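Chain by chain, the residues run as shown.
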Amino acid sequence: MSKAEAKPGKQKNELVETIIVIVEALVIALVFRTFLYQPFSIPTASMQSTLMIGDYFVANKWVWGYGKYSFPLPVPMNGRLLGGTPERGDVAVFRNEVTNEDYIKRVIGLGGDTIETRDGRLYINDVMVERTEMGTAMDKDSYGNVVPVTVYTETLPNGVTHTIQEISDNQPLDNAGPYTVPPGHYFMMGDNRDRSADSRVLSQVGYVPFANFIGKAEGRFFSIADNIAPWKLWEWPENVRWDRMFQAVD
């Protein structure tokens, strides 16, 4: 008995259906990434230990609406569509137009605020922000340089608490400002205060317009030491940080 041969027309229809399914999946993924949640990874030490090098997280795209950098390609538009506004203490992804890269920092100053650091202490509107020493740790940057740091819990004026790290209180950016934040802009700082290029460096980051915000960091979904590529499965047993996965970013 001879084997039945597939008809050319049927093969063509199956190919078309397969292409349609792939295109639909890509469109769904693009819509999800553009309007709902976008994944990011951490390549530098500036937000440690809140976000470690090799952490992967999702940013909420709709909570603050949509600006010109919310889309796969920049859109020529002013302001934002829909959504609310960031609050002090939120961790935000934004486009740094100086370097044309996506940065992630914490919102420290709002429009109209005066921000200053004096001997390592943060001042908001001339009031020193409370911090409580929690202990010490070793901090490793993206070049493999390891330094001892002091870990603090910092409490912002609105009651938001978060962890910061300091190498010491006499580093280059520990006496900076005062800075007056323009309306419609935000003052952003890294939690790893002495290893963060942020709004304290006006020529490199400066005040960040709300229009440049991309999304609010909400949850880690993967974490691997030394920024090892996730597809290197054979390196997972010794390097995946299971205890950092599926946790909120705060």
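Residues numbered from 1 in each chain as written. Predicted model: local features only at pLDDT ≥ 70, side-chain atom pairs only at ≥ 80, totals over all residues. Heavy atoms only, no water.

Caption draft 1: Here's a closer look at the sheet that holds strand β8 (residues 130-140). Here three strands make up an open sheet; going across it, the order is β8-β9-β10 and the pairing antiparallel. Edge positions in the open sheet fall to β8 and β10 (161-166), since each of these has one partner strand only. Strand-to-strand twist of the sheet, defined as the mean angle between neighbouring strand axes without regard to direction, takes the value 25°. When strand β9 (residues 146-155) meets β10, the two strands line up antiparallel, connected through six bridges. Directly across from tyrosine 152, in β10, lies its bridge partner isoleucine 164. (Pairing = 2+ DSSP bridges. Helix = DSSP H or I, 4+ residues; strand = E, 2+ residues; numbered from the N terminus. Axes fitted to C-alpha atoms, helices over the stretch in contact; angles between N-to-C directions.)

Caption draft 2: Main features of the sheet that holds strand β6 (residues 121-124). Pairing is antiparallel in the open sheet, where four strands are placed in the order β7-β6-β5-β11. At either end of the open sheet lies a strand with only one pairing partner, and these are β7 (127-128) and β11 (176-180). Direction of pairing for β6 relative to β7: antiparallel, over a ladder of two bridges. From the neighbouring strand, tyrosine 123 faces β7, where its bridge partner is methionine 128.

Caption draft 3: Looking closely at the pairing of β6. Judged by which residues are buried, β6 turns out to be covered on both faces: Arg121 and Tyr123 on one side and Leu122 and Ile124 on the other are all buried. When strand β5 (residues 114-118) meets β6, the two strands line up antiparallel, connected through four bridges. What sits directly across from isoleucine 115, in β6, is isoleucine 124. Where β5 folds back on β6, the antiparallel hairpin that results is connected by two residues, among which aspartate 119 adopts a positive phi of roughly 50°. Counting the residues that bridge the hairpin from β6 to β7 gives two residues, and of these asparagine 125 lies at a positive phi of roughly 55°. (Buried < 20%, exposed > 50% of the residue type's maximum accessible area, 1.4 Å probe, protein only.)

Caption draft 4: Geometry of the packing of aromatic side chains. In total, this model carries 17 aromatic pairs according to the counting rule given. Between phenylalanine 35 and tyrosine 66, the aromatic rings sit 5.5 Å apart at their centres with planes inclined by 75°, giving edge-to-face as the arrangement. Of the two residues, phenylalanine 35 is situated in helix α1 (residues 8-35) and tyrosine 66 in the loop between β2 (55-60) and β3 (91-96); the sequence distance between them amounts to 31 residues. When the ring of phenylalanine 187 is compared with that of tyrosine 207, the centres are 6.3 Å apart and the planes differ by 55°; the resulting orientation is tilted. Here the residue phenylalanine 187 occupies a position in strand β12 (residues 185-189), and tyrosine 207 occupies one in the loop between β12 and β13 (208-209), the gap between them amounting to 20 residues. Look at tyrosine 207 and you get partly exposed, because its relative accessible area is 24%. The structure contains a cluster of three or more aromatic residues connected by ring pairs, namely Trp64, Phe94, Tyr103, Tyr186, Phe210 and Phe213. Directly above the aromatic system of tyrosine 152 lies the positively charged group of arginine 131, at a separation of 3.9 Å from the ring centroid. (Phe/Tyr/Trp six-rings, centres within 6.5 Å; stacked < 30°, edge-to-face > 60°. Lys NZ or Arg CZ within 6 Å of the ring centre and 35° of its normal.)

Caption draft 5: How the structure looks around the pattern of salt bridges. Following the criterion strictly, the structure yields 16 salt bridges and no others. Here arginine 118 makes a salt bridge to glutamate 116, at a shortest N to O gap of 3.2 Å. With relative accessibility at 28%, the residue arginine 118 sits in the partly exposed group. The exposure class assigned to glutamate 116 is buried, which follows from its relative accessible area of 18%. (Salt bridge = Lys/Arg side-chain N within 4 Å of Asp/Glu carboxyl O.)

Caption draft 6: Main features of the side chain of serine 199. For serine 199, the position within the fold is in the loop between β12 and β13. Classification of serine 199 by relative accessible area gives buried; the value is 0%. In this structure the side chain of serine 199 is engaged in a polar contact, spanning 2.6 Å, whose partner is the backbone oxygen of glycine 206. Residues contacting serine 199, with those up to four places away along its chain left out, are Tyr179, Tyr186, Phe187, Met188, Val205, Gly206, Tyr207 and Val208. (Polar contact = N/O pair within 3.5 Å; in protein donor to acceptor, adjacent residues only side chain to side chain. Contact = heavy atoms within 4.5 Å.)

Caption draft 7: Quick peek at the side chain of arginine 193. Here arginine 193 lies in the loop between β12 and β13. When its relative accessible area of 3% is taken as the criterion, arginine 193 is described as buried.

Caption draft 8: Structural view of the pairing of β2. Extensive coverage of β2 is indicated by the burial of five of its six residues. The pairing of strand β1 (residues 37-41) with β2 spans five bridges and is antiparallel. Its bridge partner lying in β2, serine 41 is registered against tyrosine 56. In the sheet, β2 pairs with strand β14 (residues 213-223) via six bridges, with the strands oriented antiparallel. Of the residues in β14, the one forming a bridge with asparagine 60 is lysine 216.

Function-wise, these values are silent; they only describe arrangement.
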